[in-house]
Structures are given as C-alpha cells and as structure tokens.
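One letter stands for each residue in the lines below.
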Amino acid sequence: MQLIVNPGLMDERVFELPEGSVTIGRTQESTLCVFHGSLSRRHARLERQGEYFLLVDLQSKNGTFVDEVRVERYLLRVGQSFRCGEVYFTLTVSRAEFRALSPSQVQSLRNRLSPGSMGELLDASKSSPGSALKLKHKSQESGANEKLQVLLKVSQLLSSPGHIEALLERIVELVFQIMEVDRVALLLVDPATGSLRPRVARLSTGETPSGPFYSQRIVEYVRTRSVGALFSDAWMDPRLNDAASVVSQSIRASMCAPLKPRDEVLGVLYVDHLSQAHGFGEEDLEFLTAFANQAAIALDNSLLARRLEEEAVLRNAYLRFFPPATLKKLHMARGGPLETIEAEVTVLFSDISDFTALSSSLEPRQVVDLLNDYFPVMADIVFRHEGTLEKYIGDALMAVWGAPFSHPDDADRAVRAAVEMQRALAGLNARWRERGWPELRIHVGLNTGWVAAGNIGSEQYLQYATLGDATNIANRVCSVAGAGQIYMTEATFARWRQRDWPVTALAPTHVKGKAEALRLYRLDWAA
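Within an unreviewed UniProt entry, the label attached to the protein reads Adenylate cyclase, and the organism entered is Melittangium boletus DSM 14713.

### A look at the overall build of the protein
For the protein, the helix and strand inventory stands at 13 helices and 24 strands. For the protein, with 527 residues in total, the buried portion stands at 47%. About 28,100 Å² of surface is accessible on the protein, with carbon and sulfur atoms providing 51% of the total.

### A word on the packing of aromatic side chains
Tallying each qualifying case throughout the model produces nine aromatic pairs. Taking the centre distance of 6.4 Å and the plane angle of 75° together, the rings of tyrosine 221 and phenylalanine 231 count as edge-to-face. Here the residue tyrosine 221 occupies a position in helix α5 (residues 216-225), and phenylalanine 231 occupies one in strand β14 (residues 229-231), the gap between them amounting to 10 residues. A connected cluster of aromatic rings, assembled from ring pairs, spans Phe213, Tyr214 and Tyr270. For the cation-ring pair, arginine 83 lies above phenylalanine 65, with the distance from its terminal atom to the ring centre recorded as 4.2 Å. Over the face of the ring belonging to phenylalanine 493 we find arginine 499, whose NZ or CZ atom lies 3.9 Å from the ring centre.

### Some thoughts on unusual backbone geometry
Note the cis peptide between alanine 403 and proline 404, where omega equals 5°. Mapped onto the elements, proline 404 comes out in the loop between β19 (396-401) and α11 (410-435). At serine 226, a position not held by glycine, the phi torsion is positive, near 55°. Take serine 226: its relative accessible area is 28%, and that puts it in the partly exposed class. Positioned with a positive phi, aspartate 354 is a non-glycine residue whose angle comes to about 55°. The residue aspartate 354 is located in the loop between β17 (341-352) and α9 (355-360) in this model.

### Here's the deal with the side chain of serine 302
Within the element layout of this structure, serine 302 appears in helix α7 (residues 282-319). Since its relative accessible area comes to 13%, serine 302 is described here as buried.

### Description of α5
Residues separated by three or four positions in an α-helix point in the same direction, a consequence of the helix having 3.6 residues per turn. Turning to α5, its buried residues are Ile218, Val219 and Val222. All buried residues of α5 fall inside an arc of 95° around its axis, so they share one side. Buried residues along α5 sit in contact with β12 (183-189), β13 (196-203), β14, β15 (253-259) and β16 (267-273). If you check the start of α5, you find a side-chain oxygen 3.3 Å away from the backbone N of arginine 217, and it comes from serine 215.

### Describing the sheet that holds β15
Across the sheet, which stays open at both edges, the five strands sit in the order β13-β12-β16-β15-β14 with antiparallel pairing between neighbours. Among the strands making up the open sheet, the edge pair consists of β13 and β14. Strand-to-strand, the axes of this sheet are offset by a mean angle of 15°, without reference to chain direction. In this structure, β12 lies alongside β16, joined through six bridges in antiparallel fashion. Each residue of the ladder has a partner; that of alanine 185, found in β16, is tyrosine 270. Packed on one face of the sheet, helix α4 (residues 164-178) meets β12, β13 and β16 and runs near 50° to β13. Of the strands in this sheet, β12, β13, β14, β15 and β16 touch α5, which is tilted by about 35° from β15.

### Here's the deal with the pattern of salt bridges
Under the criterion given, the structure shown has 26 salt bridges. In this structure, arginine 435 engages aspartate 373 in a salt bridge whose closest nitrogen and oxygen atoms are separated by 3.1 Å. Within this pair, whereas arginine 435 is found in helix α11, its partner aspartate 373 is found in helix α10 (residues 364-384), the two being separated by 62 residues in sequence. Arginine 435 sits in the partly exposed class, given a relative accessible area of 41%.

### Description of the layout of surface pockets
Computed from the structure, the second largest pocket encloses a volume of approximately 510 Å³. In this structure, the second largest pocket is lined by 18 residues; those nearest its centre are Val189, Pro191, Leu266, Leu303 and Arg307. Going through the elements one at a time, β12, β13 and α7 are the ones with two or more residues in the lining of the second largest pocket. Among the residues making up the lining of the second largest pocket, the classes are represented as eight nonpolar, no polar and 10 charged.

What counts, and where the lines are drawn
- The residue numbering used here restarts from 1 in each chain and proceeds along that chain's sequence as written.
- A pLDDT threshold of at least 70 governs which residues receive local features in this predicted model, and a stricter bar of 80 or more applies before side-chain atom pairs are shown or counted, although totals over entire chains, interfaces and linings include all residues.
- Side-chain figures throughout are based on the complete set of non-hydrogen atoms in the structure, without hydrogens or water.
- Where helices and strands are cited, they refer to DSSP runs of H or I of at least four residues and of E of at least two residues respectively, numbered from the N terminus.
- Burial classes follow relative accessibility: with a 1.4 Å probe on protein chains only, a residue under 20% of its type's maximum area counts as buried, one over 50% as exposed, and anything between as partly exposed.
- Using a 1.4 Å probe, the Shrake-Rupley method yields the accessible areas, and only the shown protein chains count as cover for residues.
- Between 30 and 60 degrees the pair is tilted, below 30 it is stacked and above 60 it is edge-to-face, where a pair is any two Phe, Tyr or Trp rings, Trp via its six-membered ring, whose centres lie within 6.5 Å.
- By definition, being over a ring means that NZ of Lys or CZ of Arg is both within 6 Å of the ring centre and within 35 degrees of the ring normal.
- Of all possible arcs, the one meant is that of the directions from the helix axis to the C-beta atoms.
- In this analysis, two residues are considered to be in contact whenever any of their non-hydrogen atoms come within 4.5 Å of each other.
- Under the rule applied, a polar contact is a pair of N or O atoms within 3.5 Å (in protein, one hydrogen donor and one hydrogen acceptor; residues adjacent in sequence only if both atoms are side-chain atoms).
- In this description, strands pair whenever DSSP reports at least two bridges between them.
- Throughout, an axis means a line fitted to C-alpha atoms (over the contacting stretch in the case of helices), and angles, computed between N-to-C directions, take values from 0 to 180 degrees.
- A carboxyl oxygen of Asp or Glu within 4 Å of a side-chain nitrogen of Lys or Arg is what we treat as a salt bridge.
- Using a grid of 1 Å spacing that covers the protein atoms alone, one calls a set of points a cavity when a 1.4 Å probe fits there but cannot get out, and a pocket when the set is open and has protein on both sides within 12 Å along at least five of seven lines; lining residues are those with an atom within 4 Å of a point.
- Grid points are joined across faces, edges and corners, and a volume is the space filled by probe spheres set on the points.
- Residues are grouped as follows: nonpolar covers Ala, Val, Leu, Ile, Met, Phe, Trp, Tyr, Cys and Pro; charged covers Asp, Glu, Lys and Arg; every other residue, Gly included, is treated as polar.

Right, dumping it as structure tokens:
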C-alpha cells in the first residue's frame, strides 16, 4: 500500500506503507516525517486491519480530519483521503500490488468464436454448387457455422458510425462480395410519400445501371408482406406474367428481403440473375434474409444517430431562446422543428439608456465585459418568468410571452419580468460601483398583439423569431420611455390582470412608423 502526501501539489511525495503501524508527525521520531508547521511532533497513527486502515489522532494540536470532519479514530478504505493539520494524505494501492495480481485465466480479444476476415471466410472465385453463396464450407455442419461467422463479420463491418449514404454503399458491396449475383438494388421508404425509392443500385461490374431494373411487383410484395421472397425462374412464374420489368430487364431469378429492424419496414434489398434460372436456392434466401436483418439494424442505428444529432443541434439552438419548461414541452413533442404559428404575444423590449455615449467613453473590451455581466442576469429573469428570449440587438434585449406556448397570464409575466429587470439592475450597479465600473439604467417597452412565430434562417443558423406589427410597436414604445421607466401600450394594460403596481396614463404619444398616436401607460414600479 502507498500513502501519497499532498497529492497533486508541487511537493507531492509517495510513501510505501510497511507492515504494522505507521506514525505521522513533523519530527524524525515518526515513521513518516513531514516537515510542516501545522503538524504535531507525533500527530497521527495508521494501523492496518485487513483491507482497512485505522486512523488514530494522537491528541494533535491542529487535529485530524476526514471529509473535513475532525476525528479521533476512523476506519479508512483504499482510495480515501484525510488531512493532518494542513497536510493532505491519500491511501492507494501500490504498483507492485497491481503486478502481483494473478488471474486464473486470461483471454485475448481474438479467439475461435471471433470471425475471421472476409477473405478467410469466402471463396471469391466461385459460388458453391446449388447456391449463390461464396462460402468455403464442405459439409452442411461447417457451412452453417461459416454462415454465422460471415453474418457476425457483416455485423461488425456495418456497425461503424458514419454517413448513411456510405452505409448503403457498404451494404451493396458486401452483397457482391458474399453472393454470386448480377445486380443489387437497395430501396428505402420515402417518409414524405410512403413509397419505395431506390437509393443504391449496382451491376456486378461495379457500374451504375442506367435506370430501374428491379420488378416493382416483387419489391412491393416483399415490403407489404414483410417476408423474404425467392423467384427461381421469373420468366416462367405465372404471378409475374404482367410484370413488364421481368421481361424487359431479362430477369431469370431474383430474391428480395425486407429491411425491418423493428415493427416498421425501412426498405427492401433486391438481387437477381440475368441469365441463370434457378440460380438461387432456399439456402440463399435464408442467408439474404438474415443479411438484410443485420443491414436493417445498422441502417436503423444510423438513422437514429442522425436524428439524435439533428435533435441535439436543434436543442442547443433552442437553449438560447427558451426556458427549461418550454424545452421540456418541445422534447415531449419529439423535439422537431417548430412550425410557424400565429399567436397573440406580449413583447418586451429593454434598452440601455444613453449607451452610445457611455460606450464611446470606454474601451471596446470594457463594453464587452459590461454587457457580458448584464445580459445573463436579464436572460435569467426572462426564463424565470417562462418567456422566450428572442434576440439581443446591440445593447437591447427582446423577449416574448405567448410563443411557442401560451399561458393565460402572459401579460402579467411580462410585466413582472420588466419590474424584476429594473430591480436587478440596482444590484448590478452596486457590484459595478465596487469594481469602479460605470452604472447603467434601462428603459423598457411592452406591447401585446398578434404575430407570426417560428424558425427562420438556415440549417447552419437557426433563429426563432416573432414577426409582426406588435413587435415593432413594442420597440417604438421602448424608445419613448425614459431611463429607469417602463411603458406599456393599452393592449398590454388591458390584459394585465394583477395590477400589482400603480400606473400613470400618458397623453397620446406619437411613435415612429405609426400615423396615429398611441395611448401609453407608465408603470410606477418603484412605488
């Protein structure tokens, strides 16, 4: 066992613990001598008791502590830390004890149950008699084992994360590598239309065919019934007499298996022979179906990974706008992109008074530091009242209540947030005075009205926004409010239920962009 003195510090030391008891102190008479003024001459004692160590304080002046609780006696486990005076100690296992471990048996990662490489499992020169599989089996028993080995190897090769298009190409490549076929097509269900759409198609030469070559009747049969299907001589199959593609594409033998990882069919995997009737057998269909199951699981995992990645990007974008309660509702709604809606909202604009003049007297870095101290406090207030933080515009802040989800008291929430912002600024100013920073004052405007709300922008930059005259009016109302004031329109005043603070009705006020004067109210929040 080892005792580490002051672990992680510049004066760290490692002490090998001998058998028996060990004393700790600042003089040479102790087993472990640590020259530190906080230690007593004989400070503490460690006594080994099986897998534990009994820590005993020897009536030291500055005490012995475990988890910052002073102790007289304490049974320590390996990995636990303690403190004598101001010196820290940690019990740990020595490297020698690790080396002394002797397991009964060890096993390398590769063993007889591990699949070999595809080259070791397959005979690339030809398929087996009566089968399209290129296996090296000689008997029925060894052949079954080799098919399982190949499927296990397929599972490994398809499990690597990556782009879905690369996965589809890899699936088709493996089919050609394992089976003697002329053409392969992989079709997936289009979520928008619900129909099968070819995603990858290849000839055995590696070329891409000029157009669809598979039988639509066959792929739809497999998809709708969720079964693998073999048509050993498609030309002679009476069920395909009216399938023009079978004749026009010279399909002699074909197989098709569904890609169904769970309850839903994601697509189908189709293969065929152009010249060899009865080129496929029961063994081939069994293997193709099992192969398709492995491919379906890999495809489902890839789609899930992509969906989780998209949701994570969306969630990170939404974190900038929405409070936790709204995020929870969005998550319950499967976290998809927000649809554009029309909603009545209460809009809050907050602006720093005389900020242009203030910023001209400061260094750019000082302006940034000031805003970085100011905005998080204001944003927390918006989220605390379950508002949507729409944007920062220079030194201004815009928030809305009522989108994407509404509350009956959205106007009340917005008013309370405005008052809390003014009050919080007083606390910020007190802190800034101590730092020698300038103090700020803000003016706030509130308006209620109808807007269009939803995501705008590109996939790279997502912005949740509310658009409409209601937001413009809130901005104009904010611009006519004075430092330290909160103004609201008549529409907000009418929907404000609690009336926790007195208001003063103002004379009709003209604002930029509006022909008619607005009836505004000043909220006397300090009263």
